[in-house]
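Residue-level structure breakdown
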Amino acid sequence: MAKIYHPDFFRRPGHPFTPPVLAEAKRHAAQDAPNEACGLVVSGDYIPCANVADDPASQFKIAAEELAQAYASGTLEGVVHSHPGGPYWPTRADMLGQLETQVPWAILVPGEETAELACWWGGKRPPVFTSDGLHVPRAFLPQVSDCYSIIQDWFLEARGVALMDMPRQWEWWKDLDTYGSLYLENFEQAGFECVSQDPDAFARLAEPGDVYLMKIRSKVPNHGGIYLGEGLNLEHIEGCLSHREPMARKVKHITHLMRYRG
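Our subject in this report is the structure included herewith.

Rules behind the numbers
Residues numbered from 1 in each chain as written. Predicted model: local features only at pLDDT ≥ 70, side-chain atom pairs only at ≥ 80, totals over all residues. Heavy atoms only, no water. Disulfide = S-S within 2.5 Å. Salt bridge = Lys/Arg side-chain N within 4 Å of Asp/Glu carboxyl O. Helix = DSSP H or I, 4+ residues; strand = E, 2+ residues; numbered from the N terminus. Buried < 20%, exposed > 50% of the residue type's maximum accessible area, 1.4 Å probe, protein only. Phe/Tyr/Trp six-rings, centres within 6.5 Å; stacked < 30°, edge-to-face > 60°. Pairing = 2+ DSSP bridges. Axes fitted to C-alpha atoms, helices over the stretch in contact; angles between N-to-C directions. Contact = heavy atoms within 4.5 Å. Core = buried A, V, L, I, M, F, W, Y, C linked by side-chain atoms within 4.5 Å. Arc of directions from axis to C-beta.

What follows is about the state of the cysteines. Evaluation of the coordinates by the stated rule reveals zero disulfides. In this model C38 remains outside any disulfide bridge; the closest cysteine sulfur is found in C49, 5.7 Å from its own. C240 takes part in no disulfide bond, and the closest cysteine sulfur, belonging to C147, lies 12 Å away.

One pass over the structure, following the stated rule, counts 12 salt bridges. The partner of R168 in a salt bridge is D146, and the shortest N-O contact between them spans 3.0 Å. Note that R168 is positioned in the loop between α4 (147-159) and α5 (176-179) and D146 in the loop between β5 (115-121) and α4, a separation of 22 residues in sequence. For the pair R168 and D146, one class covers both residues: buried. When the shortest N-O distance is used, the salt bridge between E171 and K174 registers 3.3 Å. The class of E171 is partly exposed, set by a relative accessible area of 30%. What emerges from the salt-bridge pattern is a single network uniting E235, E245, R249 and K250.

On to the packing of aromatic side chains, then. Aromatic ring pairs: the centre-centre distance and the angle between the two ring planes describe each pair. Taken as a whole and judged by the stated rule, the model has 15 aromatic pairs. An angle of 85° between the planes, with centres 5.4 Å apart, marks the rings of W172 and W173 as edge-to-face. Its relative accessible area of 14% is what places W173 among the buried residues. Cluster of aromatic residues (ring-pair linked, three or more members): Y148, W154, F155, Y183, F187, F192 and Y260.

Here we have six strands laid out as an open sheet, ordered β6-β11-β7-β8-β9-β10, and antiparallel in their pairing. Each of the sheet's edge strands pairs with one partner strand only, and the pair in question is β6 (192-196) and β10 (243-246). The mean angle between the axes of side-by-side strands here comes to 35°, regardless of whether they run parallel or antiparallel. Note: strand β7 (residues 211-214) against strand β8 (residues 223-229), four bridges, orientation antiparallel. Counterpart to V211 in the pairing with β8 is I226. Sitting on the sheet, α4 is in contact with β6, β7, β8, β9 (232-235) and β11 (254-260), with an inclination near 35° to β8.

This next bit is on the sheet that holds strand β3 (residues 76-82). Pairing in this open sheet of five strands is mixed, and the strands run β2-β1-β3-β4-β5 from one edge to the other. On the outer flanks of this sheet lie β2 (45-49) and β5, each paired with one strand and no other. Averaged over all pairs of adjacent strands, the angle between their axes in this sheet comes to 25°, without regard to strand direction. Across five bridges, strand β1 (residues 38-42) lies against β3 in antiparallel orientation. When the bridges of β3 are listed, G39 appears paired with V80.

As a further point, take the nonpolar core. The biggest cluster of nonpolar side chains holds 35 residues, and the ones touching the most others in it are F10, F17, L40, V80, L108 and C119. Those elements that place two or more of their residues in this core are α1 (19-32), β1, β2, β3, β4 (105-110) and β5. The element that contributes the greatest number of residues to this core is β5, accounting for six residues. Residues C147, A190, L213 and L234 belong to the second largest nonpolar core, which totals 25 residues.

The next thing to look at is helix α3 (residues 92-101). Here α3 has its buried residues at D94, M95, G97 and Q98. In a view along the axis of α3, the buried residues occupy a sector of 160°, so they form one face of it. In α3, the exposed positions angled more than 90 degrees off the buried face are occupied by A93 and E100. Those residues of α3 that are buried are in contact with β3, β4 and β5. In the segment just after α3, Q102 is the residue with positive phi, at about 60°.

This is how it looks when you write it as structure tokens:
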């Protein structure tokens with residue numbers, strides 16, 4: 001039987017966030033609300049930790065001593081913390097923390113008696129295409145399953161290229177003084193060059209694997225997709241499942257055609 005992939009994969013239990021681990025973490029999150037709760041998954045068990053942040057209602061910090069004890073007691077497999085009242089996705093600080101630990105992270109949003117698994121990230125995501133060449137649709141969630149996530153996964157799956165991570169806030173393009181033009185400023189470092197900024201030339205110049213950039217209610221390019229060839233693009237936009245569609249629908253909105261050179 002073919003494996004079934006769910007569009008909202010990031011909200012479903014899975015290693016290391018198993019149902020028993022999540023049950024304990026959810027109780028902890030509800031008890032500690034309105035402060036952020038935090039804990040570690042060590043060798044398959046959830047270990048609740050004290051939040052020693054200066055402002056525990058809006059951030060979390062685990063004491064170095066507790067971290068050291070956790071590392072000494074087994075293998076660190078995951079980090080869990082809560083976002084009372086949201087958001088349901090990671091902040092830039094969360095993304096930086098996950099990259100530092102190099103294990104998956106999960107976010108819970110607590111209610112009165114329990115909590116909801118908002119998302120997890122930092123682990124293996126579903127494939128972009130099945131072995132039959134069919135696209136596996138994904139639900140949209142900022143920083144977890146979005147336009148840059150699918151670009152990263154396509155390059156790893158199709159080209160064996162691991163593109164750099166870009167820790168970011170949702171709607172980062174509204175704070176350009178802090179984040180700048182995230183796509184344009186990082187793509188050169190990631191090994192891309194701009195092939196063209198002329199919409200009339202895109203259809204003629206585009207090659208499979210080229211990344212196109214667009215501006216969506218933004219002063220800078222804040223959305224990207226991949227040209228697959230044969231007139232089709234692959235993209236993931238807010239409010240939609242990831243999907244393929246004809247390039248002709250996008251050409252007039254594209255601002256940059258980028259090509260990976262390595």
